[in-house]
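Residue-level structure breakdown
If you want the building blocks of each chain, they are given just below.
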Amino acid sequence: MKKTILVTGGTGYIGSHTVVELIEAGYEVVIVDNLYNSSKAVLKRIEKITGVLPKFYEVDILDGPALNQVFEENHLDAVIHFAGYKAVGESVSKPLTYYQNNIAGSLNLYETMLKHQVYNLVFSSSATVYGDPASVPICEDFPLGPTTNPYGTSKLYNEQILRDVCKAYPEFSVVLLRYFNPIGAHQSGLIGEVPNGIPNNLLPYIAQVAIGKREYLSVFGNDYDTVDGTGVRDYIHVVDLALGHIKAIEYAFDHHGVEAVNLGTGHGYSVLQVKDAFAKACGKEVAFKLVDRRPGDIAECYADTTKAKEVLGWSAQYDIDTMCQDSWRFQSMNPDGIND
Ligand code: NAD
Ligand code: UFG
């Protein structure tokens, strides 16, 4: 019998790509999303890619009774938990909003799982839990924190909460996936990242400069101790990331306890290198200006990927050129986002 996976935040950027891969791997999918940062039109796009329209509930994970109803109506085998707020800067100005959604919402979900004896969970964590790492590449056993913003702290707290849950309930199986920098889009160009307002992240910003929506890219700092002075990150194709979730779910079904795993490529690229790769992909120059460092940024961040390979049998396949090509295809096919 097909296993059924509940995907919270399943119409969002990483969620939608994961839903596609889950369907293609033979799983039934149930999506819960309150559409705060995504559109219902994503569901039709998923159907176009896979031939399957996933079951969808427009439900807020903070709404206990509604969430309970979803568990009542479906026989769920596991949960992949993406739902949450993710804007680092906004989390500094609205900490309570972030803790409410990312902590209280998650607690609600974990309580409901326990009540319905659904014990397998994959949680969207982030490389931000490592704070400013003492060295790179970053291994999973590096010290965690201190985090530099409430968003990052909400991820760290969720990790700790889930460790405690696994201690108290040995039947629980949790994989904490620490994402590095997800970029790119499905190669169909039908789903991808739709930033809300002015993009905070590098790739969506570059894509909007390339399409003419923004004048130039501000490069935040060129005096870091890196290859060209600009910040270095481990950019990972969102489809690779999605495939990592399939491996993580399979792992969760076969194990108990909690495991934290980095999802990255193991390679770092500087801001200027990414800008150049994108220019190659879209066939035009990307205008930029060098400006001051962005507060809270670190110089370099990339993953040690050994554990992902050993524990999950997963490693990233797509290179930076493919990431930029796919990102550009999505941007040019959907200049106004996903609306139909
Ligand atoms: P996203 O905003 O595209 O997707 C999140 C989805 O959750 C959205 O569709 C939103 O409507 C939904 N949502 C938010 N609050 C909800 C609530 N209370 N109830 C129901 N649905 C709710 O973000 P994404 O980039 O796909 O990120 C997914 C997860 O991965 C998030 O938890 C994020 O923190 C984490 N993450 C993202 C990145 C990144 O760079 N994109 C990096 C590390 C970790
Ligand atoms: N950058 C610019 N100009 C921009 C945007 C970004 O120069 O307009 C630079 C940043 O200074 C940094 C790099 O591009 O050097 C990447 O910045 P992003 O904002 O795209 O990503 P971050 O690494 O800062 O943060 C991301 C997610 C966080 C997550 C973290 C670690 O936004 O949620 O990766 O996984 F916590």
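Use the structure listed above.
Worth saying up front: this structure is predicted, and the values here are computed from it rather than measured.

**Structural notes on the pattern of salt bridges**
One pass over the structure, following the stated rule, counts 11 salt bridges. For the salt bridge of Lys 86 with Glu 193, the shortest nitrogen-to-oxygen distance reads 3.5 Å. Remark: Glu 193 occurs in the loop between β7 (181-183) and α7 (202-210) and Lys 86 occurs in the loop between β4 (78-81) and α4 (88-93); sequence separation between them is 107 residues. For Glu 193, a relative accessible area of 19% translates into the label buried. A salt bridge links Glu 159 to Arg 163; the shortest N-O distance between them is 3.9 Å. With Glu 159 and Arg 163 both in helix α6 (residues 150-168) and four residues apart, the pair spans about one turn of that helix. In the salt-bridge network here, residues are joined through shared partners; they are Glu 159, Arg 163 and Arg 178.

**Quick word on the packing of helix α5 (residues 95-115) against α6**
Taken N-terminus to C-terminus, the directions of α5 and α6 make an angle of 20°; their axes are 9 Å apart at the nearest point. Classified by the interaxial angle, the pair formed by α5 and α6 is roughly parallel. Along this stretch, α5 crosses α6, giving a crossing that reads as right-handed. Residue-level inspection shows Pro 95, Tyr 98, Tyr 99, Asn 102, Ile 103, Ser 106, Leu 107 and Tyr 110 of α5 in contact with α6, the latter providing Pro 150, Tyr 151, Thr 153, Ser 154, Tyr 157, Asn 158, Ile 161 and Leu 162.

**Details of the side chain of Ser 154**
Note on placement: Ser 154 falls in helix α6. The class for Ser 154 is buried, based on a relative accessible area of 0%. In terms of polar contacts, Ser 154 uses its side chain to reach the side chain of Asn 102, at 3.1 Å. If we skip the residues at most four places from it in the chain, Ser 154 touches Tyr 99, Asn 102 and Ile 103.

**Regarding the site of ligand 2**
Close to ligand 2 lie 20 residues; Asn 201, Ser 218, Arg 233, Arg 294 and Asp 297 are nearest. Here an oxygen atom of ligand 2 and a backbone polar atom of Asn 200 are 3.5 Å apart. Within the backbone of Leu 202, an N or O atom sits 2.8 Å from an oxygen atom of ligand 2. In the complex, the protein chains occlude 89% of the 690 Å² of accessible area that ligand 2 would expose alone.

Scoring rules and cut-offs
- Residues numbered from 1 in each chain as written.
- Chains lettered and ligands numbered in written order.
- Predicted model: local features only at pLDDT ≥ 70, side-chain atom pairs only at ≥ 80, totals over all residues.
- Heavy atoms only, no water.
- Salt bridge = Lys/Arg side-chain N within 4 Å of Asp/Glu carboxyl O.
- Helix = DSSP H or I, 4+ residues; strand = E, 2+ residues; numbered from the N terminus.
- Buried < 20%, exposed > 50% of the residue type's maximum accessible area, 1.4 Å probe, protein only.
- Axes fitted to C-alpha atoms, helices over the stretch in contact; angles between N-to-C directions.
- Parallel < 35°, antiparallel > 145°, perpendicular 65-115°, else oblique.
- Left-handed = near helix turned anticlockwise from the far one by under 90°.
- Contact = heavy atoms within 4.5 Å.
- Polar contact = N/O pair within 3.5 Å; in protein donor to acceptor, adjacent residues only side chain to side chain.
- Near = heavy atom within 4 Å.
- Areas by Shrake-Rupley, 256 points an atom, 1.4 Å probe, with all protein chains shown as cover.

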